[in-house]
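Tertiary structure, described
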Amino acid sequence: QCKQIAREFRTPTYVYDEASLRKAAEAVLAFPRPYGFTGRYAMKACPNGAILSLFRDWGLHFDASSGHEVLRAVQSGVPAERISLSSQEFPENITDLVNLGISVNACSLRQVETFGKALPGGRLGLRVNPGVGSGGTLKTNVGGPSSSFGIWHEVLGQAQEIADKYSLQVFRIHSHIGSGSDPDVWVKAVDLTLDQVRLFPNVTHVNLGGGFKVGRMPEETSTDMDIVGPPVKAALEAFAAETGRELHLEIEPGTYLAANSGCLLASVQDKTNTGSDGHVFLKLDTGMTDILRPTLYAAQQPMTVV
């Protein structure tokens, strides 16, 4: 297969396995939920158009991190109402995107203000930094005091004041604490997020983000949805029993859905060595240009010589 793909498409080229993608999608869509559920694909993990189309057909919704990603999803046939935008850089054409049918999470007080001025009376989600974070490295930890992602939980009152000023309907609270999250920390973040939902009586949706750890190397283990799911379901049921509010649950894994479903096929161009006390080197026709994670995030990924 490798030789056939290399002849037809040349190398380097990305190769994906549809059966693995489907298995991951089914695991997400089976996440325990008591009162309604939306499984979103965080498309920044891999915005390949063919993969977007498959996930669309299998019933997933989508999380976009920029206005460009919104348009990329739409061009792949994803209905706009199945796209949610959470972006550090708020698009200038936010009104046009909302008019398409997407939903938006504001990630800062300024974004709440900008959204309110552009779309008074509109529906808006709030991305919250709940005060804790987790990740495979500090570079993938996107929660807690050292992260700029989301509205710091202690200033949510200001977000509510801005929303009131523009008659905005805050319908969703969103949190995301990191990529490769520790399951115990992730479950703790669920309780903190529900505490923040209490501040907004009209919130109907809670989005717990993604960041589920994926084991790439043989000694690593992946997140088991059957382990992290039941505590979330129990927390939502306890919240409903206490408040009478049955919240619609959203999660939005990206890496979990795509990481172990693909590989980069490359060709060996040269072989050198540095002597009996050194190393043998295989020089490939690929590099950091095609897989950034080892350089950016100190990630480890397996390599196989065919």
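Summary of the structure given here. Given the structure is predicted, the values throughout are model-derived calculations rather than measurements.

**Here we look at the overall build of the chain**
Secondary structure summary: the chain contains eleven helices and 13 strands in total. Over its C-alpha trace the chain gives a radius of gyration of 21 Å, about what one expects of a compact globule, namely 19 Å for 306 residues. Oriented by its inertia axes, the alpha-carbon framework of the chain measures out at about 70 × 40 × 35 Å. Within the chain, buried positions represent 43% of all 306 residues.

**A short note on helix α1 (residues 2-9)**
In terms of residue burial, α1 counts as a barely covered element, since only zero of its eight residues are buried. The positive-phi residue at the C-terminal boundary of α1 is Arg10, with phi of around 65°.

**Remarks on the packing of helix α6 (residues 109-118) against helix α7 (residues 156-165)**
Any two packed helices are characterised by the angle at which their axes cross and by the distance between the axes. At a minimum axis distance of 9 Å, the contact between α6 and α7 shows a crossing angle of 5°. Viewed along their axes, α6 and α7 adopt a mutual orientation that is roughly parallel. Contact with α6, carried on its side by Leu109, Val112 and Glu113, involves Gln158, Ala159, Ile162, Ala163 and Lys165 of α7 and no other residues of that element. Across the contact of α6 with α7, the residue classes break down as five nonpolar, one polar and two charged.

**A look at helix α2 (residues 18-29)**
Here α2 spans 16 Å end to end across twelve residues, near enough to the 16 Å set by a 1.5 Å rise per residue. On its buried face, α2 sits against β1 (13-16), β2 (37-42), α3 (49-57), α9 (225-243), β10 (248-251) and α10 (255-258).

**Side note on the packing of aromatic side chains**
A full pass over the atoms with the stated rule returns five aromatic pairs. For the pair Tyr41 and Phe55, a centre-to-centre distance of 4.7 Å together with 65° between the ring planes defines the contact as edge-to-face. Taken together, the positions of Tyr41 in strand β2 and Phe55 in helix α3 put the pair 14 residues apart, joining distant regions of the chain. A single burial state applies to Tyr41 and to Phe55, both of which are buried. Connected via pairs of aromatic rings, a cluster forms that spans Tyr41, Phe55, Trp58 and Phe62. Positioned above the aromatic ring of Phe171 is the side chain of Arg123, whose terminal nitrogen or guanidinium carbon lies 3.8 Å from the ring centre.

**Notes on the pairing of strand β4 (residues 83-86)**
The two faces of β4 match: Ile83 and Leu85 on one face and Ser84 and Ser86 on the other face are all buried. Judged from the three bridges that link them, strand β3 (residues 61-64) and β4 form a sheet pairing that is parallel. When the sheet's bridge partners are listed, Asp63 is paired in β4 with Ser84. With respect to chirality, the unit in which β3 leads through helix α4 (residues 67-75) into the neighbouring parallel β4 is right-handed.

Cut-off values and rules
Residues numbered from 1 in each chain as written. Predicted model: local features only at pLDDT ≥ 70, side-chain atom pairs only at ≥ 80, totals over all residues. Heavy atoms only, no water. Helix = DSSP H or I, 4+ residues; strand = E, 2+ residues; numbered from the N terminus. Rg over C-alpha atoms; globule rule 2.2 N^0.38 Å. Buried < 20%, exposed > 50% of the residue type's maximum accessible area, 1.4 Å probe, protein only. Axes fitted to C-alpha atoms, helices over the stretch in contact; angles between N-to-C directions. Parallel < 35°, antiparallel > 145°, perpendicular 65-115°, else oblique. Contact = heavy atoms within 4.5 Å. Nonpolar A, V, L, I, M, F, W, Y, C, P; charged D, E, K, R; others polar. Expected span 1.5 Å × (residues − 1). Phe/Tyr/Trp six-rings, centres within 6.5 Å; stacked < 30°, edge-to-face > 60°. Lys NZ or Arg CZ within 6 Å of the ring centre and 35° of its normal. Pairing = 2+ DSSP bridges. Right-handed = clockwise from strand over helix to strand, strands pointing away.

Nothing here speaks to function; it is geometry throughout.
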